[in-house]
Amino acid sequence: MRSIWTGSIAFGLVNIPVKLFSAVNERALDFDMLDKKDHSPIKFKRVNEKTGKEVLWENIVKGYDLDGKYVVLTDEDFDAASPEKTKTINMEAFVNPAEVDIILFDNAYYLAPAKGGERAFSLLETALQKAGKAGVGSFVLRNKEKPVLLRSAKGLLILHTLRFLNEIRDPSDFVVKKVTPKRNELTMAGSLIKSMSGKFNIADFKDSYTTKLKKLIRTKATGKKLPAPKARVEKPASDLIEQLQQSLAKPKRKK
């Protein structure tokens, strides 16, 4: 597997050479847009809004709409504003991972030691695991500076890029009317949660939609007629207490 970034982890005065690998492998099906009449692929053109004429790539510039007027930026302008292209993941503090809100997590990457960094890499991974801590800091990837969280998991070091606070919408913008639940409702809801409690295992969750879609595509490619989907209609009780009672009476779902 080819690394997407090489550099080092700065851990106090310790410098650990590392390689960065993507931990995520997107598996969404890739669909092309076709003309309904003859199934020919659709192409998109870059067209001048005023003249309606196509514009070549070399004649396209980037502009920012500032108060109704475009400010055009050059490559030099972007370079001037770019963060310093350091090759270091700077660890600035070590924290309890539970203190980092899950909404801040962005992408995940695996780290591996580069040549000469094996001993220090193993030391940091083991120390984080024993301390139950995660390192937080920042680094630059593809000209973008990102806050990061570094943790030990399964004998590896995993780097999570985090979102800046200004990227998170303020929850106070969403007004939710608070209704105090009745005591018996709360008791039954607690019983339902307890009855459904278990250990989390992501392997229990399967991408059934993509599996069914692939099957549908293969079936349709043979020219066979597709069976009509079976409609599942479950009429829930109108009363909240009845819904809770029915939920508690329902057999626990097997894995």
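As the structure is a computational prediction, the values presented were derived from the model and not from experiment. (Residues numbered from 1 in each chain as written. Predicted model: local features only at pLDDT ≥ 70, side-chain atom pairs only at ≥ 80, totals over all residues. Heavy atoms only, no water.)

Take the pattern of salt bridges next. Taken as a whole, this structure holds three salt bridges when the rule is applied. A salt bridge links K146 to D106, with the shortest nitrogen-to-oxygen separation between them at 3.4 Å. Of this pair, K146 sits in strand β8 (residues 144–153) while D106 sits in strand β6 (residues 105–113), and the two are 40 residues apart along the sequence. Note on K146: relative accessible area 17%, which makes it buried. Here E167 and K146 are joined by a salt bridge, their closest N and O atoms 4.0 Å apart. Of this pair, E167 sits in the loop between β9 (156–162) and α3 (183–195) while K146 is found in strand β8, placing the two residues 21 residues apart along the sequence. Overlapping salt bridges bring together D106, K146, R163 and E167 as one network. (Salt bridge = Lys/Arg side-chain N within 4 Å of Asp/Glu carboxyl O. Helix = DSSP H or I, 4+ residues; strand = E, 2+ residues; numbered from the N terminus. Buried < 20%, exposed > 50% of the residue type's maximum accessible area, 1.4 Å probe, protein only.)

The next point concerns the packing of aromatic side chains. If you walk through the whole model with that rule in mind, you get two aromatic pairs. Aromatic side chains W5 and F139 sit 5.2 Å apart centroid to centroid with 80 degrees between the ring planes, which places their arrangement in the edge-to-face category. Taken together, the residues W5 in strand β1 (residues 5–11) and F139 in strand β7 (residues 134–141) connect sequence positions 134 residues apart. Judged by relative accessible area, which is 6%, W5 ranks as buried. Judged by relative accessible area, which is 2%, F139 ranks as buried. Seen from their ring centres, F11 and F94 are 5.8 Å apart, and the 80 degrees between their planes marks the pair as edge-to-face. Placement of F11 in strand β1 and of F94 in strand β5 (residues 88–95) is noted, with a sequence separation of 83 residues between them. You can call F11 partly exposed: its relative accessible area is 23%. (Phe/Tyr/Trp six-rings, centres within 6.5 Å; stacked < 30°, edge-to-face > 60°.)

The next subject is the sheet that holds β5. Either a parallel or an antiparallel arrangement is found when strands of a sheet pair, and the pairing is made through backbone hydrogen bonds. Pairing in this closed barrel of seven strands is mixed, and the strands run β1-β2-β6-β9-β8-β7-β5 around the ring. Strand-to-strand twist in this sheet, taken as the mean axis angle between neighbours without regard to direction, amounts to 40 degrees. Here strand β2 (residues 14–22) pairs with β6 via five bridges, running antiparallel. The partner of F21 across the bridge, within β6, is Y110. (Pairing = 2+ DSSP bridges. Axes fitted to C-alpha atoms, helices over the stretch in contact; angles between N-to-C directions.)

Looking at the element boundaries, T161 is found in strand β9. Aside from chain neighbours lying at most four places away, what touches T161 is L104, F105, D106, N107, Y109, F139, K146, P147 and V148. (Contact = heavy atoms within 4.5 Å.)

A word on the environment of R151. Mapped onto the secondary structure, R151 falls in strand β8. Taking the C-alpha atoms as reference points, R151 and I42, separated by 109 residues in sequence, lie 45 Å from one another. Those residues in contact with R151, other than ones at most four positions away along the chain, are A134, L156, L157, I158 and H160. At 2.8 Å, the side chain of R151 forms a polar contact with the side chain of H160. (Polar contact = N/O pair within 3.5 Å; in protein donor to acceptor, adjacent residues only side chain to side chain.)

This part is about helix α2 (residues 118–131). When the terminal C-alpha atoms of α2 are compared, their 20 Å separation across 14 residues agrees well with the 20 Å that a helix rising 1.5 Å per residue should span. When α2 is considered as a whole, its buried residues turn out to be F121, L124, E125 and L128. Viewed end-on, α2 has its buried residues packed into an arc of 95 degrees, placing them on one side of the element. Summarising the geometry of α2, the exposed residues directed more than 90 degrees from the buried face are R119, L123 and K130. (Expected span 1.5 Å × (residues − 1). Arc of directions from axis to C-beta.)

This brings us to a negative patch on the surface. A surface patch of negative charge is lined by D75, E76, D77 and D79. Along the chain, the position of D79 falls in helix α1 (residues 75–81). A residue is classified by how much of its surface remains accessible, and D79, at 54% relative accessible area, is exposed. (Patch = residues over 30% accessible without salt bridge, like charges linked within 9 Å, V, L, I, M, F, W, Y side chains within 5 Å. Areas by Shrake-Rupley, 256 points an atom, 1.4 Å probe, with all protein chains shown as cover. Lys, Arg positive; Asp, Glu negative; His and termini not counted. Charge placed at Lys NZ, Arg CZ, Asp CG, Glu CD.)

Let us now look at the packing of α3 against helix α5 (residues 240–249). The N-to-C vectors of α3 and α5 enclose an angle of 25 degrees; their axes lie 10 Å apart at closest approach. Judged by the inter-axis angle, α3 sits roughly parallel to α5. For the pair α3 and α5, the sense of crossing is left-handed. On α5, the residues that touch N184, E185, M188, A189, S191, L192 and S195 of α3 are L240, I241, L244, Q245, S247 and L248. (Parallel < 35°, antiparallel > 145°, perpendicular 65-115°, else oblique. Left-handed = near helix turned anticlockwise from the far one by under 90°.)

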